[in-house]
Amino acid sequence: MAYTTVLTETRGRVGIVQLNRPQAMNAFNIAMLGEVFDAMEAFDRDDNIGVIMVTGNEKAFAAGADIKEMVDATAFQMIIENRVDTWDRIRGIKKPVIAAVSGWALGGGCEFVLSCDMVIASESAKFGQPEITLGVIPGAGGTQRLARLLGKNLTMEMVINNRTLTAAEAQQFGLVNRIVPIEGYLDAAVAFAEEIASRAPLAVRMAKDAVNAAFETTLTEGLKAEKRNFYLLFSTEDQTEGMQAFIEKRKPNWKGK
Ligand code: HXC
């Protein structure tokens, strides 16, 4: 597949999608938004891939939606072009999605990161929702996902007063899993992803599904979802293999079946 706004690469079982509009700080125009999800969905279908990683460049993960593309838009153009709904395609990805963030993750860029499952940040990463400075508000989940992660008051400050978070603050508040040096940040993120990609694929998939249920439903329904996924894994060869390998004191050989 030939993309014009993203680059793709495979390292072992990690499929990497790199946002590639450096001239615009990787701002998401409609083309890049479509291509990033096309590339992610292709990796999601590929049995040789265990984890999907999305990254930008050292200076910017992404500086948000493309302001130049939106400046003259009307409300109905936004609706007809389905601009907000497109961002939701990330929710359909079944494999773990890891963001490797360096530099700016602003607006839609920050919201994209919030939609990922785990985040590795370089020391220079900065997260913010500056839409208020443009006379609008976040539209791709920022108000909701930040509120769930950070609580109300800090979210209000970020969304209403453009407060940005440093990498260290973002880690403190649970938005970032690990902070790594800028130099080699992508290699460090890939090493983190490779470990996850080496785990039992169906269990990983069920684990992601169960954790996500916690954000969608009541505790009782969430516990039911977890229990269903737990029982379901006893229909896999990997469950037998994993437990046998433990008893035989050897490494399991996962089949993804
Ligand atoms: C279009 C952008 C852009 C953006 C940067 N550029 N961000 N173009 N949309 N979001 C362009 C600049 O216009 C400039 O192009 C080039 O990238 C380099 O940017 P500079 O501003 O010169 O770089 P710097 O001084 O280093 O500042 C970096 C920055 C700043 C802090 C990231 O660019 C910035 O504040 N960008 C806007 C961030 C923002 O407001 N994001 C929210 C967007 S709304 P030229 O051609 O001038 O050299 C949003 C809503 C999501 O995301 C809703 C989803 C449904």
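Residues numbered from 1 in each chain as written. Predicted model: local features only at pLDDT ≥ 70, side-chain atom pairs only at ≥ 80, totals over all residues. Heavy atoms only, no water.

Peer 1: When you look at the site of the ligand in this model, what are you seeing that I'm missing?
Peer 2: Around the ligand sit 23 residues in total, of which Ala63, Ala65, Ile67, Lys68 and Gly108 are the nearest. For the ligand, an oxygen atom lies 3.1 Å from a polar atom in the side chain of lysine 68. Here an oxygen atom of the ligand and a backbone polar atom of glycine 108 are 2.8 Å apart. Burial of the ligand by the protein chains amounts to 64% of its free accessible area of 1000 Å². Elements with a minimum of two residues in the shell around the ligand: α2 (67-70), α4 (83-87), β6 (104-106) and α5 (108-115). Element by element, the count of residues in the shell around the ligand is highest for α2, at 3 residues. For the shell around the ligand, the class distribution of residues is 14 nonpolar, 5 polar and 4 charged. (Near = heavy atom within 4 Å. Polar contact = N/O pair within 3.5 Å; in protein donor to acceptor, adjacent residues only side chain to side chain. Areas by Shrake-Rupley, 256 points an atom, 1.4 Å probe, with all protein chains shown as cover. Helix = DSSP H or I, 4+ residues; strand = E, 2+ residues; numbered from the N terminus. Nonpolar A, V, L, I, M, F, W, Y, C, P; charged D, E, K, R; others polar.)

Peer 1: Hey, could you run me through the packing of helix α10 (residues 201-213) against helix α11 (residues 219-232) in this one?
Peer 2: Between two packed helices, both the angle of their axes relative to each other and the distance between the axes serve to describe the pair. The interhelical angle for the contact between α10 and α11, taken along N-to-C directions, is 170 degrees, at an axis separation of 8 Å. Comparing the axis directions of α10 and α11 gives the class roughly antiparallel. Along its contact with α10, which presents Met206, Asp209, Ala210 and Ala213, the element α11 presents Gly222, Ala225, Glu226, Arg228, Asn229 and Leu232. Taken together, the residues that form the contact of α10 with α11 break down as 5 nonpolar, 2 polar and 3 charged. (Axes fitted to C-alpha atoms, helices over the stretch in contact; angles between N-to-C directions. Parallel < 35°, antiparallel > 145°, perpendicular 65-115°, else oblique. Contact = heavy atoms within 4.5 Å.)

Peer 1: Explain the sheet that holds strand β9 (residues 165-166) here, please?
Peer 2: Strand order in this open sheet of 4 strands is β4-β6-β8-β9, and the pairing throughout is mixed. In this open sheet, the two edge strands, each paired with only one partner strand, are β4 (60-62) and β9. Where β6 and strand β8 (residues 126-128) come together, 3 bridges link them in parallel fashion. Paired with leucine 106 across the bridge in β8 is glycine 128. (Pairing = 2+ DSSP bridges.)

Peer 1: What is the right way to read the pairing of strand β3 (residues 51-55) from this model?
Peer 2: Remember that side chains alternate between the two faces of the sheet whenever the strand is regular. Counting buried positions along β3 gives 5 out of 5 residues, so the element sits mostly inside the fold. Going residue by residue along β3, you find Val51, Met53 and Thr55 tucked away on one face and Ile52 and Val54 tucked away on the opposite face as well. Pairing of strand β2 (residues 14-19) with β3 involves 5 bridges; the strand directions are parallel. Counterpart to isoleucine 16 in the pairing with β3 is methionine 53. Handedness of the β-α-β unit built from β2, helix α1 (residues 30-45) and β3 comes out right-handed. Of the strand pairs in this sheet, β3 and strand β5 (residues 97-101) are connected by 4 bridges, and their pairing is parallel. Following the sheet pairing, valine 54 is matched in β5 by alanine 99. (Buried < 20%, exposed > 50% of the residue type's maximum accessible area, 1.4 Å probe, protein only. Right-handed = clockwise from strand over helix to strand, strands pointing away.)

Peer 1: Which parts of the structure should I look at to understand helix α7 (residues 152-161)?
Peer 2: Since there are 3.6 residues in each turn of an α-helix, residues three or four apart along the chain are aligned in direction. Listed in full, the buried residues belonging to α7 are Leu154, Thr155, Met158 and Val159. In an axial view of α7, the angular spread of the buried residues amounts to 125 degrees, which keeps them on one side of the axis. Seen from the open side of α7, the exposed residues pointing more than 90 degrees away from its buried face are Lys152, Asn153, Ile160 and Asn161. (Arc of directions from axis to C-beta.)

Peer 1: Mind showing me how you'd approach unusual backbone geometry here?
Peer 2: Among all residues save glycine, negative phi is the norm, and among peptide bonds the norm is trans. Phi at methionine 25 is positive, roughly 55 degrees, even though this residue is not glycine. Structurally, methionine 25 can be placed in the loop between β2 and α1. Note on methionine 25: relative accessible area 31%, which makes it partly exposed. Phi at asparagine 82 takes a positive value of approximately 60 degrees, unusual for a residue other than glycine.

Peer 1: Is there a simple way to think about the packing of helix α6 (residues 142-150) against α7 in this case?
Peer 2: At a minimum axis separation of 7 Å, α6 and α7 run at an interaxial angle of 140 degrees. Our classification of the angle between α6 and α7 gives oblique. The element α6 and its partner α7 pack so that their crossing is right-handed. Where α6 approaches α7, its residues Thr143, Leu146, Ala147 and Leu150 are matched on the opposing element by Lys152, Leu154, Thr155, Met158 and Val159. (Left-handed = near helix turned anticlockwise from the far one by under 90°.)

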